[in-house]
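# Tertiary structure, described
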Amino acid sequence: MTPSGLNVDRANPALVDPFGRAISYLRVSVTDRCDFRCVYCMSENMTFLPKADVLSLEELDRLCSTFVHRGVRKLRLTGGEPLVRRGIMTLVASLSRHLTSGALDELTLTTNGSQLKKYATELAACGIKRINVSLDTLDPDKFRAITRWGELAIVREGIDAARAAGLAVKINAVALKGVNEDEFSGLLEWAHGDGMDLTIIEVMPLGDIGEDRLEQYLPLSIVRASLAERYTLEDIDYQTGGPARYVRVAETGGRLGFITPLTHNFCESCNRVRVTCTGTLFMCLGQEDAADLRAPLRASTSNDLLNAAIDEAITRKPRGHDFVIDRHHKRPALARHMSMTGG
Ligand code: SAM
């Protein structure tokens, strides 16, 4: 039985790591490519993977479905930018069968919003209820400077299209020192005014971006203290199965989340693993250890090898990560970019 009480594959039981944490949440990066080049995420000149290394849509489906049969209840498609993967809606439509069958509680995605106008209606038709849209500023010039290639107006149209299609939207903003630190009350008023949750994220030291991380790092303890001078922040129990901790903002009535991998991690309740578009399984966002699932996936049409590789990998899920950004740790903690593991 899964933690939620539903039956999973009898021969291959639910995934529980050595610390007793059930793995119920899978995040899958469906492409390493993106139509933005956010300064904290990628360098401007990225080398992307050759096509043959990337899992096909059918392989991604098989991989995700294997995890669903092993007790995963929440599946998030991410990237790179998931909506620039060619044929992405074929995968979404196919995976939605697990919603229909009741095997999955939630199918969702994290997107930069650039393609939402095109896909919002189809996403809603596939049973997607909520999406996360990454947006760090409401200033068009700053938006262009942060994303290098992005257009704020297009993203805002995408968000409007998603809302019109009935999707709940959560805005994710990365806190960047000296860049958007004066904007959180504006973002909050805008998001809550439009019925959207807002989550603020600490910048993580992932991948070489050609810039100094210390220059970007803004601890959320500072952001929270400054918001608390203006708003009443009430701790609430709300959980989405992710790492955010939420407060309700009394003045707006909306929810505000904080994701604080540096100042306070929540590894003890981690229920997640991540798969890259090449089928590499990362048991922790903040550690290098990984398992290759592409070889067992491609070696046989049966899922036995794949299940065995997943089982072995879960025995190696670490207790937690230990990101540090300070004067002595300016280099990335990990060589890989967020666009590879999927945020
Ligand atoms: N393209 C999609 C998007 O923009 O949401 C999905 C992939 S993106 C890598 C997922 C999230 O990771 C975004 O919210 C992005 O801001 C965040 N992100 C990227 N690099 C990060 C870093 N070094 N630290 C914290 N968040 C990061």
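### Some thoughts on the overall build of the protein
Along its length, the protein carries twelve helices and twelve strands. Put simply, the protein has 343 residues, and 55% of those count as buried. Considering only intrachain contacts with a sequence separation of at least 6, the fraction spanning at least 24 residues in the protein is 73%. Looking at the protein as shown, the accessible area adds up to about 14600 Å², and 51% of this sits on carbon and sulfur atoms.

### What about the nonpolar core?
In this structure, Phe67, Ile171, Ile200 and Leu256 are the most contacted members of the largest nonpolar core, which totals 96 residues. It is helix H1 (residues 57-69) that provides the largest number of residues to this core, a total of six residues.

### Some points on the site of the ligand
Taken together, the neighbourhood of the ligand is formed by 17 residues, with Tyr40, Gly80, Glu81, Ser134 and Met204 sitting nearest. One nitrogen or oxygen atom from the main chain of Thr111 is found 3.4 Å from an oxygen atom belonging to the ligand. In the environment of the ligand, an oxygen atom lies 2.5 Å from a nitrogen or oxygen atom belonging to the side chain of Ser134. Protein chains shield 95% of the accessible area of the ligand, which is 540 Å² for the free molecule.

### Details of the packing of aromatic side chains
Under the criterion given, the structure shown has two aromatic pairs. On the basis of an interplanar angle of 85 degrees and a centroid distance of 5.9 Å, the ring pair of Phe36 and Phe143 is categorised as edge-to-face. Pair noted here: Phe36 is in the loop between strand S1 (25-29) and H1 and Phe143 is in helix H5 (residues 140-147), with a separation of 107 residues, a long-range link. Taken as a pair, Phe36 and Phe143 share a single burial class, namely buried. Just above the ring of Tyr25 sits the side chain of Lys74; from NZ or CZ to the centre is 4.7 Å. Here the basic side chain of Arg255 rests over the ring of Tyr238, its NZ or CZ set 3.7 Å away from the ring centre.

### Looking at the sheet that holds strand S12 (residues 290-292)
Within a sheet, adjacent strands bond to each other through the backbone by hydrogen bonds, running parallel or antiparallel. Strands sit in the order S7-S8-S9-S6-S5-S4-S3-S2-S1-S10-S11-S12 across an open sheet of twelve strands; the sheet is mixed. Both edges of this open sheet fall to strand S7 (233-235) and S12, since each of them pairs with a single strand only. The sheet shows a mean angle of 25 degrees between the axes of neighbouring strands, direction not considered. Relative to the sheet, helix H2 (residues 88-95) contacts strand S2 (74-78) and strand S3 (106-111), its axis offset from that of S2 by approximately 180 degrees. Seen against the sheet, helix H7 (residues 184-193) touches strand S5 (168-175), strand S6 (197-202), strand S8 (245-249) and strand S9 (255-259) and runs at an angle of roughly 150 degrees to S6.

### Describing the environment of Thr100
Mapped onto the fold, Thr100 is located in helix H3 (residues 97-101). Given a relative accessible area of 70%, Thr100 falls into the exposed group.

### Regarding the pattern of salt bridges
Under the counting rule described, the total for this entry stands at 15 salt bridges. Here Arg21 makes a salt bridge to Asp17, at a shortest N to O gap of 2.7 Å. On the basis of relative accessibility, which here comes to 8%, the residue Arg21 falls in the buried class. Glu106 is paired through a salt bridge with Arg130; the nearest N and O atoms lie 2.8 Å apart. Here Glu106, found in strand S3, pairs with Arg130, found in strand S4 (residues 130-134); they are 24 residues apart in sequence, far enough to count as distant. Residue Glu106 is classed as buried on the basis of its relative accessible area, which comes to 14%. Put simply, Lys74, Glu106 and Arg130 are held in one network by salt bridges that share partners.

### Considering the environment of Thr252
With respect to the secondary-structure elements, Thr252 resides in the loop between S8 and S9. Here Thr252 falls in the partly exposed class, since its relative accessible area comes to 27%. Distance in space between the C-alpha atoms of Thr252 and Thr232 is 9.5 Å, their sequence separation being 20 residues. Apart from the residues within four sequence positions on either side, Thr252 is in contact with Leu188, Glu189 and His192. Looking at Thr252, its side chain comes within polar contact range of the main-chain nitrogen of Gly254, at 3.1 Å.

### Let's talk about the packing of helix H4 (residues 116-125) against helix H6 (residues 152-164)
Running from N to C, H4 and H6 cross one another at 15 degrees; their axes reach a closest spacing of 8 Å. Compared by their axis directions, H4 and H6 come out roughly parallel. Here the hand of the crossing between H4 and H6 comes out right-handed. For the pair formed by H4 and H6, the contact residues are Leu116, Lys117 and Ala120 on the first element and Glu157, Gly158, Ile159, Ala161 and Ala162 on the second. In terms of residue class, the contact of H4 with H6 is built from five nonpolar, one polar and two charged.

Definitions and limits used
Residues numbered from 1 in each chain as written. Predicted model: local features only at pLDDT ≥ 70, side-chain atom pairs only at ≥ 80, totals over all residues. Heavy atoms only, no water. Helix = DSSP H or I, 4+ residues; strand = E, 2+ residues; numbered from the N terminus. Buried < 20%, exposed > 50% of the residue type's maximum accessible area, 1.4 Å probe, protein only. Contact = heavy atoms within 4.5 Å. Areas by Shrake-Rupley, 256 points an atom, 1.4 Å probe, with all protein chains shown as cover. Core = buried A, V, L, I, M, F, W, Y, C linked by side-chain atoms within 4.5 Å. Near = heavy atom within 4 Å. Polar contact = N/O pair within 3.5 Å; in protein donor to acceptor, adjacent residues only side chain to side chain. Phe/Tyr/Trp six-rings, centres within 6.5 Å; stacked < 30°, edge-to-face > 60°. Lys NZ or Arg CZ within 6 Å of the ring centre and 35° of its normal. Pairing = 2+ DSSP bridges. Axes fitted to C-alpha atoms, helices over the stretch in contact; angles between N-to-C directions. Salt bridge = Lys/Arg side-chain N within 4 Å of Asp/Glu carboxyl O. Parallel < 35°, antiparallel > 145°, perpendicular 65-115°, else oblique. Left-handed = near helix turned anticlockwise from the far one by under 90°. Nonpolar A, V, L, I, M, F, W, Y, C, P; charged D, E, K, R; others polar.

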